[in-house]
Amino acid sequence: MNRRSIRVAAALVAVLLSILLFTAVSAGSAACANRTNNTFDKLLECVTLEGVRQHQAALQAIADAHGGDRVSGSAGYDASVDYVVDTMTAAGYNVTVQPFTFFAWRPLGPSTLAQVAPLPATYAEGPDYRLMTQTDAGDVTAAVTPVDLNFGNPAASTSGCEAADFAGFPVGHIALIQRGACTFQLKAENAAAAGATGVIIFNQGNSPDRVGTIVGTLSNAYSGGIPVLFATYTLGQEWASTPGLILHMVANVFRGESTTYNVLAETRSGRDDTVIMVGAHLDSVPLGPGINDNGSGSAALLEIARQMAKVKPWNKVRFAWWGAEESGLVGSTFYVNNLSSAELDRITLYLNFDMIGSPNFARFIYDGDGSGFGLAGPPGSAQIEALFERYYAARGLPSEPTQISFRSDYAAFFDAGIPFGGLFTGAEGIKSPEQAALYGGTAGIAYDPCYHLACDTFANNSDTALEQNSDAVAFAVLQYAMNVETITGQRGKGNFKPEKWGEEYVR
Ligand SMILES: [Zn+2]
């Protein structure tokens, strides 16, 4: 091909591409912006992967602009709240921001671990050491005293588990403690009680998976009052055999009462006495931007709400973005506990979406009928599970139940006796060979290898799972917005009767 024909061909390709793109854009957004998505076909056509991903991209940009995370209490979380408020207000919803206080813990910037004597050295946060979650803040330079260490084979450490381990411990020293046998919290509190001014817990070294740094937690209840770092087994061994060791440790964290927010966006029409709630937690953990956990659920709700903005639902639909989920389901619990019994009675059901785009996904549905794990949700939860099962089945997509584990925001609704359901694509659990055969992906690794880590970024996603699940969520929201007959027996919009969920609706 000569230069001229290349140029002509290139121009032709450009024209064809622009026609294709224009067609895609007009079907995908212009048509969707102008019409009322009041059928499954219309809504599911307009709830696109690209639309959901745009919200995840916005959340990633917010994290990037605010130190890399969106943890409740931080500027990154507050900017996330603003984004949801702006998006839902622009879409025409009644938007409420609900403040509440909670016990917060978050890093404020890099921390420090350095050897002052005998050989000055600095250590790298991440590979060499990490903050223990819920450590108190502190800046300590002190001599280091090992506490009941065991470098034998196996290294069956009970270091720091008994008060007796600290007999003769020099007040004011840093306690060097080995992982094993009891909680990090107990070890650190025993050290504090013995007069330690700081604690370094190093990995146990009893197996290949217990040598490096981990993201461990002392728990919300930690009462030691002193900083606690976690270090590698190798460094622990080295320090234990270094006479005259002095370390400098800084835990650069905030720990204490803090204010954060839930965001609620409600349709202006629909029956006040039949409220469909749809929730996702908006906060990340301190370590990363939280784009799958739970940017995925948050983004799906944003896009579904936007695409339903012109729909006049039969029932009221109230979308919720919860704060401080990662601090112990605080926002959703606060919300439920502050409703009057009359307000609670008006909530017909709750749908929860926490991680719906895991890169190595499975298709989990909360086990509403208890058939998989023995614990059923409140009456009505079985019907919600069945709806999702039926939706997936109609599209030829395998799915399975997941245990009601109270690890997400449905817990408070369960406790209030409100039927609930939802989807989940897996967190730190390991995919089985059977699941890899069913869903694709890789057996033997986590559903989300970046769960609660810095790498839970925009790239940490399965387009397949997110696209399928955004449609599944949209289907359930529109169904219940129009008709909750399977849950309450009450009359709803006729063309959303459950017997009409034929192939034309659940394709
Ligand atoms: Zn989550």
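Residues numbered from 1 in each chain as written. Predicted model: local features only at pLDDT ≥ 70, side-chain atom pairs only at ≥ 80, totals over all residues.

A look at the nonpolar core
Alright, step 1. Grouped together as the largest cluster of nonpolar side chains are 133 residues, with contacts concentrated most on Val199, Ile200, Leu229, Leu349, Phe420 and Val477.
Alright, step 2. When residues in this core are grouped by element, the largest group, twelve residues, is from helix α13 (residues 463-482).
Alright, step 3. Mapping this core onto the domain boundaries places at least three of its residues in each of domain 1 (38-105 + 257-500) and domain 2 (110-251).
Alright, step 4. In contact with valine 199, other than residues within four places in its own chain, are Ile174, Ala175, Ile177, Ala188, Ala191, Ile226 and Val228. (Core = buried A, V, L, I, M, F, W, Y, C linked by C-beta atoms within 7 Å. Buried ≥ 20, exposed ≤ 12 C-beta atoms within 10 Å, placed from the backbone. Helix = DSSP H or I, 4+ residues; strand = E, 2+ residues; numbered from the N terminus. Domains from an automatic or database assignment. Contact = placed C-beta atoms within 7 Å.)

Describing the domain arrangement of the protein
Alright, step 1. Taken domain by domain, the protein comprises domain 1 (38-105 + 257-500) and domain 2 (110-251).
Alright, step 2. Between the C-alpha centres of domain 1 and domain 2 the distance comes to 39 Å.
Alright, step 3. Among the residues making up the side of domain 1 that touches domain 2, the classes are represented as three nonpolar, two polar and no charged. (Nonpolar A, V, L, I, M, F, W, Y, C, P; charged D, E, K, R; others polar.)

Focus: the sheet that holds strand β6 (residues 174-178)
Whether parallel or antiparallel, the strands of a sheet pair through hydrogen bonds between backbone atoms.
Alright, step 1. Taken together, the eight strands give an open sheet; going across it, the order is β3-β2-β9-β5-β6-β7-β8-β4, and neighbouring strands pair in mixed fashion. With partners counted over all chains shown, the strands left at the sheet margins are β3 (121-122) and β4 (129-131), one partner each.
Alright, step 2. Here six bridges tie strand β5 (residues 138-146) to strand β9 (residues 246-251), and the two strands are oriented antiparallel to one another. For alanine 142, the partnering residue across the bridge sits in β9 and is leucine 247.
Alright, step 3. Of the strands in this sheet, β6, β7 (198-202) and β8 (228-231) are in contact with helix α5 (residues 184-193), which crosses β7 at around 145°.
Alright, step 4. Against the sheet, helix α6 (residues 233-240) engages β5, β6, β7 and β8, with an angle of about 130° to β6. (Pairing = 2+ DSSP bridges. Axes fitted to C-alpha atoms, helices over the stretch in contact; angles between N-to-C directions.)

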